[in-house]
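Chains, contacts and geometry: an overview
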Amino acid sequence: QQPTSRPQRQCLAAQQGTHLSQDSASRYFTEQNNQPRLGHLKTLQMQGKWAEWDARSNKDLTWQKLLHGMTDSMLKWCLNAANDSLPTWDNLRRWSRATICLKCKCCGHPKPTLAHVLNGCFVALKQGRYSFRHDEVLNTIATAIATFIQSIPTPTPTLISFVRAGEKGSQRVQSRPGILPKAVDWVLTQDQKRCPAPFPAHIAITDKRPDIVVYSPSLRTVIMIELTCPTEDNIAGTYASSKRERYDALVRECIANGWSPLLYTVVVGSRGYCAGSVRDCLLELGMDKSLANRTVQEASSVASRCSYIIYTRRNNKEWIPPT
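Conventions used here
Residues numbered from 1 in each chain as written. Predicted model: local features only at pLDDT ≥ 70, side-chain atom pairs only at ≥ 80, totals over all residues. Heavy atoms only, no water. Core = buried A, V, L, I, M, F, W, Y, C linked by side-chain atoms within 4.5 Å. Buried < 20%, exposed > 50% of the residue type's maximum accessible area, 1.4 Å probe, protein only. Helix = DSSP H or I, 4+ residues; strand = E, 2+ residues; numbered from the N terminus. Contact = heavy atoms within 4.5 Å. Phe/Tyr/Trp six-rings, centres within 6.5 Å; stacked < 30°, edge-to-face > 60°. Lys NZ or Arg CZ within 6 Å of the ring centre and 35° of its normal. Salt bridge = Lys/Arg side-chain N within 4 Å of Asp/Glu carboxyl O. pLDDT = per-residue confidence, 0-100.

**Regarding the nonpolar core**
Ranked by internal contacts, the top residues of the largest apolar core, which has 55 residues, are Val 137, Ile 141, Ile 145, Leu 180, Ile 223, Ile 225 and Leu 285. In terms of residue count, the dominant contributor to this core is helix 8 (residues 129-150) (10 residues). The contacts of Ile 223, once residues within four sequence positions are left out, are Ile 179, Leu 180, Trp 186, Ile 212, Val 213, Val 214, Leu 262, Tyr 264 and Leu 285. Judged by nonpolar contacts, the second largest core, of 13 residues, contains Ile 203, Tyr 215, Leu 250 and Leu 263.

Here it is as structure tokens:
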């Protein structure tokens, strides 16, 4: 007589075929409960916008940073900007439920949104408000890269050591991972509106000016970094892909001249949310995780502060960049 089979267990560990601890099981059920909520958030027109942003965003909103790193007005702006609940012209008309004819004080655009204030006003673009934010974020990233280049140690001459029979030789020191630690003759140039930097003529003749250019004559390697600060709704890669196509001809010319080009397109949102491309670029250059994360947080904070200044001066027709 065949023994009766035991009822099949359908517990969590049996379904996955592994033993789960209490903490891992708690995280599993928490993720399962959050999935329907995130799905519902993405359907909301206002409060669900942040759920559509890059999942690898490195925005630092710990309580210590919120309480000690921001003023009250700055903290209030950051939280309301994430939910698009600032008193912009379109929100004022929606909240009052009255016929209000509001226009942008700079360009006259009707019913301007927060995205219009931070990225879409053509008068603000001509005045340099957006380039002010772009250059400040760019300077943060370029300073971190320049500091890292200076920290690369000069290689010492390799000495030949003889090993006696039966003895083990000393292990070779592994070189640091990444591109920048492979040489010590890197030259960094940074292109800004107030201080334009043409592309090095001995590498390629072009009118294109990437935001950051780092090249090594010994390795004949040139690194080009292009930064974009769009709205978080467009952070998924549309801007980055268009920037890569813009530099295709420059990349081909560098290769024809005997150089190895590396092009990175990094994106930092206007409200301070960094795409994963920023951290990935810094890690590939050779920075460790702690330094890369700290640079991302600094770039995020700078973008938020600059956008806060742009927002507070949205009713001023004249623009004087902060010093």
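From this point, the discussion proceeds with the structure in view.
**A word on the packing of aromatic side chains**
For the coordinates displayed, the defined rule picks out four aromatic pairs. Relative to Tyr 311, the ring of Trp 77 has its centre 6.3 Å away and its plane inclined at 50 degrees; by these criteria the two rings are tilted. Pair noted here: Trp 77 is in helix 4 (residues 72-82) and Tyr 311 is in helix 12 (residues 289-312), with a separation of 234 residues, a long-range link. Trp 77 sits in the buried class, given a relative accessible area of 3%. An aromatic cluster is built from Trp 77, Tyr 308 and Tyr 311, whose rings are joined through pairwise contacts. Over the ring of Trp 89 we find Arg 314, and its NZ or CZ is 5.8 Å from the ring centre. Here the basic side chain of Arg 314 rests over the ring of Tyr 311, its NZ or CZ set 4.0 Å away from the ring centre.

**Some thoughts on the pattern of salt bridges**
Scanning all chains against the criterion turns up two salt bridges. With its nearest N and O atoms 2.8 Å apart, the salt bridge here joins Asp 191 to Arg 209. Within this pair, whereas Asp 191 is found in the loop between strand 1 (187-190) and strand 2 (212-216), its partner Arg 209 is found in the loop between strand 1 and strand 2, the two being separated by 18 residues in sequence. Its salt-bridge partner being Arg 271, residue Glu 232 comes within 3.2 Å of it at the nearest N-O pair. With a gap of 39 residues between them, Glu 232 in the loop between strand 3 (221-228) and helix 9 (238-246) and Arg 271 in the loop between strand 4 (260-267) and helix 11 (276-285) connect regions that are remote in the sequence. In terms of burial, Glu 232 and Arg 271 fall into one category: buried.

**Some remarks on the confidence of the model for the protein chain**
Looking at the protein chain, pLDDT values average 79 and 69% of them are 70 or higher. Taken element by element, the predicted model of the protein chain shows its lowest mean pLDDT in helix 1 (residues 12-16) (45) and its highest in strand 2 (96). For the stretch residues 54-58, pLDDT sits under 50, and the model shows 12 contacts to residues farther than four places along the chain or on other chains.

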